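Descriptive analysis of the structure
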Amino acid sequence: MRVVVGMSGGVDSSVAALLLKQQGYDVTGVFMKNWEEQDENGVCTAESDWRDVRDVCDAIGIPYYAVNFAKEYKDRVFSLFLSEYRAGRTPNPDVLCNREIKFKAFLDFAMQLGADKIATGHFVNTNAQGQLLRGADQNKDQSYFLYMLKAFQLQKSLFPVGHLTKAQVRDIARDAGITVAEKKDSTGVCFIGERDFKQFLATFLPAQPGAMVTPEGEIVGCHDGLMYYTLGQRRGLGIGGRGDGRSFFVVDKDLQNNRLIVVQGEDHPLLYTTGAVAVQATFVEEALPEGVPCKLSAKFRYRQPDQGVTVVRAGEQLHITFDTPQRAVTPGQSTVLYRGDVCLGGGIIDQIER
RNA sequence: UGGGGUGUAGCCAAGAGGUAAGGCACGGGACUUUGACUCCCGCAUUCGUAGGUUCGACCCCUGCCACCCCAG
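My aim in this report is to walk through the structure given alongside it, one point at a time. A quick note: this is a predicted structure, and the numbers were derived from the prediction, not measured.

1. Thoughts on the layout of surface pockets
In this structure, the largest pocket encloses a volume near 1400 Å³. Around the largest pocket, the lining is made up of 43 residues, and of these Ser 8, Ser 186, Thr 187, Cys 190 and Phe 191 lie nearest the centre. When residues of the lining of the largest pocket are traced back to their parent elements, those giving at least two are β1 (2–7), α1 (11–22), β2 (26–33), α2 (47–60) and α4 (93–112). For the lining of the largest pocket, the per-class residue count stands at twelve nonpolar, 17 polar and 14 charged. Empty space within the second largest pocket amounts to approximately 690 Å³. Forming the walls of the second largest pocket are 29 residues, and the residues nearest its centre are Tyr 85, Thr 90, Pro 91, Phe 197 and Gln 333.

Written out as structure tokens, the structure reads:
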């Protein structure tokens, strides 16, 4: 069985490749370069990761390739990312990246190479029915990022580290003498990486400064452009020493008047939401029945503890009522639904109800 | 230019003769395959300014400056 492993140069995908090789698969490593950028010295910022991939593949004894999906990434992920920000929302590019790039462009590419399956280092599992399951490591479970996938994509995918904990993965890497065993986990937008987010956005979207106001209309500061802020955000507002001295948080964006609405105090009622409407509902396998309230659990952001919700599907919309008020649920972000350990799917938050 | 008041870090604010609390903001780090949240650490050799008293002053005295209020 031929398997093409998407390798990032990190521990997880390296161990994924190693395990598959040990299990007797015909393994090929493929490094995806999806973002064209060079550092101040003119060196591609992905160069060191590519080097790590080559080192690891050599050590494991598997062939490797590099592919470039920068155009696909830009067209299918990044353009939407930008338009969402323009619309005053806070998108999650990585859920799209998985649907459009890793489990589409990359999957297609692997199939053309004659692969039977692809594999990645995601901490998730699948079962025989093609369902998406949480990873065994509760703390690293990445099903949130894969909720937009369909069963047919999962059926062509292997997740060799999904049943392991992060610590076990590092142990395996260490025991095998893999050079990236202690490499720090990468963060930031997938393929783009960690960086000053405001600065990064500023290079793509024009800024339009305006006022920061309280719900009562009092002007308490100036913002640098609405797209630089997200609901629930505290840092970067620059408002200090007002009122009772507590922190301010973003609760709304008034695009019409180019105003950022802020409140004082982490427990302000406007920071809490009792329900939401999600659009572009997608289900891994079977859609929720139309119009029938379903008691499920949900996450509104990665690594959030499960929240009890009642969901009613209406076409491509999900009407979600929270068991307990949720803090800073943000339009543009994804709500992901679970029944036990099964990730059912989810949608993109469009409206919030207070 | 008569009277009263206030001047402590970017902002708010303790302090009250014994050698500068705290909060917010900000900076750094941790956490994290989105954006956030959260957590930890840091952040006035100096108290409008110039002198004086004192072993010792942000706290007492004097001059000056600035701002505020009430009278004009």
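2. Let's talk about the pattern of salt bridges
A side chain with one charge can pair with a side chain of the opposite charge if their charged atoms come near. In the structure shown here, the tally under the stated rule is 23 salt bridges. A salt bridge links Glu 218 to Arg 242; its shortest N-O distance comes to 3.0 Å. Separated by 24 residues along the polypeptide, Glu 218 in the loop between β8 (210–213) and β9 (219–223) and Arg 242 in the loop between β9 and β10 (248–254) bring together distant segments of the chain. For Glu 218, a relative accessible area of 42% gives the class partly exposed. Since its relative accessible area comes to 30%, Arg 242 is described here as partly exposed. Each of the salt bridges in this network shares a partner with another, and the network as a whole consists of Arg 76, Arg 99, Glu 100 and Lys 104.

3. So, the packing of aromatic side chains
Inspection of every chain in the model, using the stated rule, returns 20 aromatic pairs. With 5.1 Å between their ring centres and 80° between their planes, Phe 81 and Tyr 85 make a pair best called edge-to-face. Pair noted here: Phe 81 and Tyr 85 are both in helix α3 (residues 70–86), with a separation of four residues, about one helical turn. Residue Phe 81 is classed as buried on the basis of its relative accessible area, which comes to 2%.

4. A look at helix α7 (residues 166–175)
Note on helix geometry: an α-helix contains 3.6 residues per turn, so any two residues three or four positions apart are oriented the same way. What α7 keeps buried is the set Lys 166, Val 169, Arg 170 and Ala 173. The buried side chains of α7 occupy one side of the element, clustering within an arc of 95° when seen end-on. Looking at the buried side of α7, the elements it contacts are α1. In the stretch just after α7, Gly 177 is the one whose phi turns positive, near 70°.

5. Here we look at the protein's contact with RNA strand B
Near RNA strand B there are 42 residues, and of these His 122, Lys 140, Gly 188, Tyr 302 and Gln 333 occur at the shortest range. Counting only atoms of RNA strand B within 4 Å of the protein, the sugar-phosphate share comes to 65%. The separation between a base oxygen of RNA strand B and a polar side-chain atom of Lys 102 is 3.4 Å. Contacts to RNA strand B include Lys 140, whose side-chain N or O atom sits 2.3 Å from a phosphate oxygen. At four residues, α4 tops the list of elements feeding residues into the surface near RNA strand B. Broken down by class, the residue content of the surface near RNA strand B amounts to eleven nonpolar, 19 polar and twelve charged.

6. A short note on the sheet that holds β1
Pairing is parallel in the open sheet, where five strands are placed in the order β3-β2-β1-β4-β7. This sheet does not close on itself; its edge strands, each paired only once, are β3 (64–68) and β7 (157–158). In the sheet, strand β4 (residues 117–119) pairs with β7 via two bridges, with the strands oriented parallel. Looking across to β7, one finds that Ala 119 is bridged to Leu 158. Against the sheet, α4 makes contact with β1, β2, β3, β4 and β7, and its axis sits at roughly 135° relative to β4, the strand it touches most.

7. A look at unusual backbone geometry
Phi at Asn 258 takes a positive value of approximately 55°, unusual for a residue other than glycine. By secondary structure assignment, the location of Asn 258 is in the loop between β10 and β11 (259–264). According to the relative accessible area criterion, Asn 258 is buried, its value standing at 14%.

8. What to know about the nonpolar core
Formed by 58 residues in total, the largest nonpolar core has its most connected members in Tyr 73, Leu 237 and Val 262. Each residue touching Leu 237, except ones within four places of it in the same chain, is listed here: Met 212, Tyr 229, Phe 248, Phe 249, Val 250, Leu 260 and Val 262.

Definitions and limits used
- Residues numbered from 1 in each chain as written.
- Chains lettered and ligands numbered in written order.
- Predicted model: local features only at pLDDT ≥ 70, side-chain atom pairs only at ≥ 80, totals over all residues.
- Heavy atoms only, no water.
- 1 Å grid on protein atoms, 1.4 Å probe; cavity = no way out; pocket = protein on both sides within 12 Å on 5 of 7 lines; lining within 4 Å.
- Points joined across faces, edges and corners; volume = space filled by probe spheres on them.
- Helix = DSSP H or I, 4+ residues; strand = E, 2+ residues; numbered from the N terminus.
- Nonpolar A, V, L, I, M, F, W, Y, C, P; charged D, E, K, R; others polar.
- Salt bridge = Lys/Arg side-chain N within 4 Å of Asp/Glu carboxyl O.
- Buried < 20%, exposed > 50% of the residue type's maximum accessible area, 1.4 Å probe, protein only.
- Phe/Tyr/Trp six-rings, centres within 6.5 Å; stacked < 30°, edge-to-face > 60°.
- Arc of directions from axis to C-beta.
- Contact = heavy atoms within 4.5 Å.
- Near = heavy atom within 4 Å.
- Polar contact = N/O pair within 3.5 Å; in protein donor to acceptor, adjacent residues only side chain to side chain.
- Pairing = 2+ DSSP bridges.
- Axes fitted to C-alpha atoms, helices over the stretch in contact; angles between N-to-C directions.
- Core = buried A, V, L, I, M, F, W, Y, C linked by side-chain atoms within 4.5 Å.

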